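# Structural overview for review
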Amino acid sequence: MSAPVQVALVGCGKAKLMYRAPARHLYTGNLFRAHLAEAEATTPHVYVVSALHGLLPLDEEVAPYDVTLRGMPREKRSAWGRQVVEALARRYPAAAVELLVYAGRTYAEPLREAISAASLDWWTLVEPLKGAAQGARLRILAEASRMRAAARAPLRLPALEVAQPSGRRLYLFAVDGKQVPSFATVSRVRRTDGVLEGYQRPEVLAHVAAIREYMESAGALVPNAVVLAFDSRVRFEALPGAGEGARHGHLVIPRATAPDAPDAPGFIVDGQQRLAAVRDAAVTAFPLACTGFIAETVGQQAEQFILVNSTKPLPKGLIHELLPSTTAALPAALERKRLPAQLLARLNLDEGSSLRGLVITQTCPRSTGRKLGTLFTGVIKDTSLLSALEDSLADGTLYDLERTGAGVEAMVARVSAWWAAVASTWPDAWARQPKESRLSHGAGVRALSLLMDAACHFLAQEGNATPSQGDFERELALVHDACAWTSGTWAFPTGERRWNDLQNTPKEVALLAQHLGSLYRERRAAKPHRRTRKAGAA
């Protein structure tokens, strides 16, 4: 059974307003107010238990009355307890419930008896202040309130501010790793309505366990700094007399309402495994070195995340998905992939794209029943399509479009029209797993993309610089009968091959691409000469 639902019951009080009011306001005694404050601060479900009305939601309006449990016969107190427990059971019919009773024994005993009589074996009753007199309760609750207020107060951490040539500032400081969840959270990578959000992959549990075990050992040393991105609510207060370039002072960090709450002012860019290990470690504290910076956008955070992790075994697919959200300069190898990654994302996510939802990425899973909604049923590996786009951008139709300044929209439209034509040419082979159709296989994707470049080249020579899906369908019809995507054999010049013997290797991709390209050029040359479209023609 899942964790029990926590429900706090606050006993009513003798002191009341003289008029009808919500239950939370009707009772005016100091002890009731202190009990209610503690219950609301620590428990998700809170009710008043009234001697007259039984279970009362906090906002239910009640008229003042003069009835107490203490003055009731035992039988009536027992009936009252059954009434309250039955009301709770109706509200939480299938849940294990932990009742926290903020009241005296007069309230707790009939409730405990009613739980036992109803055979609610998965319910428990706890008296957090059992045995404490009124004065002691008020002192305990006042101290608890003070500690909560202190926990909500902003952190003031000694820090060093370092100004960099770009004008951006870094903040170097140390903090107990167990306190980090109070002001920073993890921006998990995910898709919401097709839009990419966040950038952090899930924790690697085995890695976290290994770090935790090390942190619990004698002499543990963690020299690598945790990298944190802050929003503008975090501020730096410099000490008087600080010099240029680097200033001593205090970093003032507001706290979130709860661990991992969305109102946290900080996000963990690097070090989530270390922080998870500190969180779980059996140590009272573990100070960590931290580097912080101010970044108002997820794109700025993602840039730093990529730069920190690009030399580590970070999934390539995750880097490719994050690249379109970045704008700053990246290492050359990543810079070359930014435009292809942007095109891939548009092709996989745009409403009118023929490839919408068909590309397997970190946030769009393979079509195995584990779907992100109903649109994402990926069958084409992102690396296959990304390589195809890179080839075309290097020396194909996308290169021509980029060279003439046509822009991303034109590139997406060109590739989408081509694959829409592929889908209509071979409908039985379309959108199937690679093991069922070599059209979705890396070899098929790369070879067909190279055929797109050849088709666009010939069409452009004839004056058709913006081919439509219909134009592409006529070009593909030239090789339609020679393709064995789902059955039969390929009639290569070197000999026949079974349809599913093709592998996604450079040699086999070249074999298929050369076969389709040669056949296409041969058959195209045999067709009657096509009249060149005149400039300005409709």
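Residues numbered from 1 in each chain as written. Predicted model: local features only at pLDDT ≥ 70, side-chain atom pairs only at ≥ 80, totals over all residues. Heavy atoms only, no water.

It is worth spelling out the nonpolar core at this point. Trp418, Trp419, Trp426, Leu448, Trp485 and Trp490 are the most contacted members of the largest nonpolar core, which totals 63 residues. If you list the elements that add at least two residues to this core, you get α10 (332-349), α11 (382-395), α12 (397-403), α13 (408-425), α14 (442-461), α15 (469-476), β20 (489-492) and α16 (506-526). Sequence-distant contacts of Trp419, defined by excluding residues within four places in its chain, comprise Ser354, Leu355, Trp430, Leu439, Val445 and Leu448. Counting 48 residues, the second-largest nonpolar core is a separate cluster that includes Ala34, Leu88, Leu100 and Ala114. (Core = buried A, V, L, I, M, F, W, Y, C linked by side-chain atoms within 4.5 Å. Buried < 20%, exposed > 50% of the residue type's maximum accessible area, 1.4 Å probe, protein only. Helix = DSSP H or I, 4+ residues; strand = E, 2+ residues; numbered from the N terminus. Contact = heavy atoms within 4.5 Å.)

Spatial strand order, β10-β16-β13-β17-β9-β8-β15-β14: eight strands in an open sheet with mixed pairing. Two strands close off the open sheet at either side, each with one partner strand: β10 (184-185) and β14 (235-238). Note that strand β13 (residues 226-230) and strand β16 (residues 266-270) share four bridges and pair antiparallel. By the bridge assignment, Phe230 is partnered in β16 with Gly266. Along the sheet, helix α7 (residues 272-280) makes contact with β13, β16 and β17 (287-294), crossing β16 at roughly 115°. (Pairing = 2+ DSSP bridges. Axes fitted to C-alpha atoms, helices over the stretch in contact; angles between N-to-C directions.)

What follows concerns the environment of Leu99. In this structure, Leu99 sits in strand β6 (residues 97-102). Separated by 25 residues in the primary sequence, Leu99 and Thr124 have C-alpha atoms spaced 6.1 Å apart. Ignoring anything within four residues of it in the chain, the contact list for Leu99 reads Val7, Leu9, Leu88, Ile115, Trp123, Thr124, Leu125 and Val126.

Tallied over the full model, the rule gives 27 salt bridges. A salt bridge links Glu40 to Arg24; the shortest N-O distance between them is 3.0 Å. Taken together, the residues span a long stretch of sequence, with Glu40 in helix α2 (residues 30-42) and Arg24 in helix α1 (residues 23-26) at a distance of 16 residues. Across the pair Arg235 and Glu237 runs a salt bridge, and its minimum N-O distance is 3.0 Å. Judged by its relative accessible area of 27%, Glu237 falls in the partly exposed class. (Salt bridge = Lys/Arg side-chain N within 4 Å of Asp/Glu carboxyl O.)

Here we take up the side chain of Asn348. Its location among the elements puts Asn348 in helix α10. Asn348 sits in the buried class, given a relative accessible area of 2%. At a separation of 3.0 Å, a polar atom in the side chain of Asn348 contacts the main-chain amide nitrogen of Val359. (Polar contact = N/O pair within 3.5 Å; in protein donor to acceptor, adjacent residues only side chain to side chain.)

Further remarks concern the layout of surface pockets. It is the rolling of a water-molecule-sized probe over the atoms that shows where space remains empty. Estimates place the volume of the largest pocket at around 790 Å³. As for the largest pocket, its lining consists of 30 residues, of which Cys12, Leu31, Arg70, Gly104 and Tyr107 are closest to the centre. Among the secondary structure elements, those contributing two or more residues to the lining of the largest pocket are α2, α4 (105-117) and α5 (134-152). Residues that form the lining of the largest pocket fall into these classes: eleven nonpolar, ten polar and nine charged. (1 Å grid on protein atoms, 1.4 Å probe; cavity = no way out; pocket = protein on both sides within 12 Å on 5 of 7 lines; lining within 4 Å. Points joined across faces, edges and corners; volume = space filled by probe spheres on them. Nonpolar A, V, L, I, M, F, W, Y, C, P; charged D, E, K, R; others polar.)

Right, let's talk about the sheet that holds strand β3 (residues 45-50) for a bit. Sheet architecture is open: five strands sit in the order β4-β3-β1-β6-β7, paired in mixed fashion. The strands lining the two open edges of the sheet, one partner per strand, are β4 (54-57) and β7 (124-126). Here the strands of the sheet are splayed against their neighbours by 30° on average, with no regard to which way each runs. Where strand β1 (residues 5-11) lies against β3, five bridges are found, and the strand directions are parallel. When the sheet's bridge partners are listed, Val10 is paired in β3 with Val48. Helix-sheet contacts for α2 involve β1, β3 and β6, and the interaxial angle to β1 is about 170°. Packed onto the sheet, α4 meets β1, β3, β6 and β7 and runs at close to 170° relative to β7.

Further remarks concern the pairing of strand β21 (residues 495-498). Summarising the sheet, β20 and β21 pair through four bridges and their orientation is antiparallel. Within β21, the position partnered with Ala491 by the bridge is Glu496. Hairpin connection between β20 and β21: a loop of two residues separates the two successive antiparallel strands.

Now for the packing of α2 against α5. Interhelical geometry of α2 versus α5 gives an angle of 40° and a closest axis separation of 10 Å. Comparing their axes, α5 and α2 come out oblique. At the point where α2 passes α5, the crossing takes the left-handed sense. In contact with Asn30, Leu31, Ala34, His35, Ala37, Glu38, Ala41 and Thr42 of α2, α5 contributes Gln134, Arg137, Leu138, Leu141, Ala144 and Arg148. Grouping the amino acids of the contact of α2 with α5 by side-chain chemistry returns seven nonpolar, four polar and three charged. (Parallel < 35°, antiparallel > 145°, perpendicular 65-115°, else oblique. Left-handed = near helix turned anticlockwise from the far one by under 90°.)

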